[in-house]
Each structure stands twice: as C-alpha cells, then as structure tokens.
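Each chain, written out:
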Amino acid sequence: MSHAVNPSPSKDQLNVAIAQIAPVWLDQKATISKIKDAISDAAGQGAQLVGFGETLLPGYPFWIERTDGARFNDPTQKELHALYLDQAIVIERGDLDEVCALVRDHSIAVYLGIYERPMDRGGHSGFCSLVYIDPTGVIGSVHRKLMPTYEERLTWSPGDGNGLRTHALGAFRVGGLNCWENWMPLARTALYADGEDFHFACWPGGERNTQITPFLAQEGRSYVMSVSGLMRVSDFPQSTPHLDRILAGNGDNEFLANGGSCLVAPDGSYVIEPIVGIEAVKTATIDHGLVRRERQNFDPVGHYSRPDILKLEIDRRRQTAGRFVD
C-alpha cells in the first residue's frame with residue numbers, strides 16, 4: 001500500500017496527519033496560534049484528521065521533577081501551579097472557539113491534547129484532557145486522563161470514563177487515549193468495544209514512549225497514530241519563572257522531549273516512521289481494507305473474544321462534585 005497522500009481518497013481511505021510541534025510553553029494564546037498554523041498546514045496537505053501531543057496546549061508540566069515538586073507547601077510549586085492554571089483551557093468560556101472555527105472552515109477533524117480547567121469540577125483543578133473536534137467544528141468528546149503518571153499527579157487530577165468513546169470518520173471509528181493510559185488493557189478494550197479501528201495515542205514526547213505503537217496496532221488490528229509534543233531548551237520563554245532551576249541538570253542536552261511521533265498499520269508495519277527531534281506536519285493515506293484483512297485472524301472484541309466468560313463494564317458518566325437541584 002502506498003503511504004503517499006491520496007488527494008481524492010476512496011470511501012475506504014482517510015488522509016491523516018501528524019502535527020509534532022512544540023508549545024510556546026505556558027502561553028495559551030501563542031500556542032493556539034501555532035496549533036492553528038499546523039491545522040491549516042495539514043488541511044493544505046489534504047488531511048482529513050490531524051493530531052497533536054499530550055497537553056500541548058499550553059504545555060507539559062516539565063518543572064515538577066526538576067524543582068523538587070513533591071515538597072509540601074512550597075512557594076515555587078504554588079507559583080508554577082498557579083501560572084499553569086491561569087494558562088489552562090476552560091472550554092466553557094470559549095477558549096477553543098478559534099480552533100473549532102478553523103476546523104469547521106477546513107472540514108478537518110482534530111485530536112488535541114490540552115490542560116483543562118473544567119467548570120463542572122469547580123474550575124480550580126486541572127486535568128490532562130484529549131479533545132476530539134469533528135469536521136463541523138463541534139467538540140465530540142473530552143477525555144480526561146484516567147490516572148496521571150508519577151509526578152503528573154502533583155498537578156493533574158484523575159479523570160473519568162466520559163471520554164472513552166469513538167467517533168465515526170469516513171470508513172473508520174476513531175478513538176484516543178493519553179500517554180501512559182495507552183498501557184492500560186481495559187481502557188484500550190473499552191475503545192475496542194465501541195468499534196475503534198483507528199487509535200490515537202498522544203504523548204508529551206519521547207521516542208522511548210512511542211515504541212509501544214506497533215504492539216498497540218497488532219493487538220487492536222487497527223491503525224495507531226502516536227503523536228508527541230516536542231520540547232527543546234530553546235522552546236522555553238525567557239520569562240518563565242524559575243527557568244534556571246527547570247533547566248538545571250539538562251547539561252548539553254537540547255531536548256526535554258524529542259518527539260517520536262509515528263503511524264503504524266494494523267499489521268504492525270510503519271506507515272510513518274518515528275519523527276525525532278524536529279517540528280513537522282506529515283500526512284499519509286490509510287485504508288480501511290487493511291483493517292478488515294487483519295481482523296480475519298484476530299478481532300479482540302469480535303470473533304476472538306468470549307463475552308460469556310470475560311466482559312468489561314464501563315462507566316461513562318461524567319464525574320462532578322455536586323448535583324444542584326433548584
């Protein structure tokens with residue numbers, strides 16, 4: 001199968017794009033501008049879906065492990081956490097409206113990793129969220145990461161199952177997970193059970209993380225697109241509080257996150273090899289026919305399952321702290 005972009009895809013084909021870019025760290029408006037440029041670039045290449053890395057907007061919390069983040073009641077942690085919340089995305093007040101309008105104009109679907117400050121949880125805690133925006137510019141789901149990893153728990157709240165859902169896009173049903181929850185077998189199974197055959201895995205960056213992608217593709221017999229952020233020393237604004245401490249120990253290493261974004265077919269072969277160390281928007285054509293061929297000998301929730309013995313129960317209710325009856 002050709003990996004080149006088909007400008008006129010058939011009903012079985014979909015043009016998809018990886019957008020591996022760096023944020024303007026902890027600067028919501030400037031990062032949105034970069035995201036919009038990448039969406040326009042992907043649309044110009046004929047993409048019908050484009051994906052971005054984990055909490056790209058407004059950036060991954062790199063400071064925690066570098067500034068003694070677990071120290072209780074520490075002024076430095078409070079200052080950086082407050083800045084992070086200030087630059088977080090509040091969907092309810094329209095922070096993604098510009099992006100949604102551009103998506104509608106280009107008729108392109110988007111998976112976007114954000115640091116979300118939701119009003120339905122009081123508006124003062126943040127979540128690592130993966131937003132799906134459909135080609136009409138409507139937000140189809142907001143998946144809040146089920147379990148932040150290690151030091152992430154010091155600034156990200158645990159999410160819920162509301163976003164464990166897939167969306168119809170051409171011949172495909174697309175679904176996605178954040179970073180380390182791609183290792184969670186039951187989270188993956190929830191999406192398989194909802195018909196997923198294109199999986200979007202977003203990461204903060206790191207080729208060591210995205211090495212799991214061929215395994216995910218072979219298990220799900222689906223296309224899997226891993227999209228990472230990129231973070232270089234030069235990507236930190238000089239105005240960043242405590243920048244010297246954040247970068248201390250990095251030595252001559254240019255990268256805090258080196259990307260590694262890639263696209264893998266249902267047979268485990270690379271469609272787009274890992275992209276390391278550069279910002280790039282790369283597009284390829286995928287074919288649903290290959291999904292159907294690979295499902296012939298393994299379908300994890302179809303003919304190769306035993307729901308009479310093994311069954312998963314998924315709670316997709318949105319968790320809220322209060323129910324108000326007026």
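Owing to the predicted nature of the structure, the values given are computational and were not obtained by experimental measurement.

Describe the environment of Thr213, listing the residues and the values that go with them.
By the secondary structure assignment, Thr213 is in helix 6 (residues 213-220). The residues touching Thr213, leaving out its near neighbours within four places in the chain, are Val224, Ser226, Cys262 and Val264. Engagement of the side chain of Thr213 in a polar contact is seen with the side chain of Ser226, the distance being 2.7 Å.

Describe in detail helix 3 (residues 97-106), supporting the description with residues and values.
Turn by turn, an α-helix covers 3.6 residues, leaving residues three or four places apart pointing in a common direction. Buried within helix 3 we find Val99, Cys100, Leu102 and Val103. Looking straight down helix 3, one finds its buried side chains confined to an arc of 165°; they lie on one side. Turned more than 90 degrees away from the buried face of helix 3, the exposed residues are Asp97 and Asp105. Buried residues belonging to helix 3 abut helix 1 (28-44), strand 3 (109-116), strand 4 (127-133) and strand 5 (139-144). Within two residues after helix 3, Ser107 carries a phi angle of roughly 50°, on the positive side.

Could you give an account of the pairing of strand 7 (residues 172-178), with specific residues and numbers?
With six of seven residues buried, strand 7 is to be regarded as a mostly interior element. Relative to strand 7, strand 6 (residues 167-169) runs antiparallel, the two being bridged by three bridges. Counterpart to Leu169 in the pairing with strand 7 is Phe172. Connecting strand 6 to the next strand, strand 7, in antiparallel fashion are two residues, including Gly170 with a positive phi near 60°. Two strands pair when backbone bridges link them, and strand 7 and strand 8 (residues 198-203) are joined in this way by five bridges, in the parallel orientation. Of the residues in strand 8, the one forming a bridge with Asn178 is Cys202. Where the polypeptide runs from strand 7 across helix 4 (residues 185-193) and back to strand 8, its parallel neighbour, the crossover connection is right-handed.

Outline unusual backbone geometry, listing residues and values.
A negative phi angle is the norm for most residues apart from glycine, just as the trans form is the norm for most peptide bonds. Going from Leu57 to Pro58, the amide bond is cis rather than trans, its omega being 5°. Structurally, the position occupied by Pro58 is in the loop between strand 2 (49-51) and helix 2 (75-87). The backbone of Thr55 shows a phi angle near 40°, a positive value even though the residue is not glycine.

Here is what the cut-offs are and how they apply
- Residues numbered from 1 in each chain as written.
- Predicted model: local features only at pLDDT ≥ 70, side-chain atom pairs only at ≥ 80, totals over all residues.
- Heavy atoms only, no water.
- Helix = DSSP H or I, 4+ residues; strand = E, 2+ residues; numbered from the N terminus.
- Contact = heavy atoms within 4.5 Å.
- Polar contact = N/O pair within 3.5 Å; in protein donor to acceptor, adjacent residues only side chain to side chain.
- Buried < 20%, exposed > 50% of the residue type's maximum accessible area, 1.4 Å probe, protein only.
- Arc of directions from axis to C-beta.
- Pairing = 2+ DSSP bridges.
- Right-handed = clockwise from strand over helix to strand, strands pointing away.

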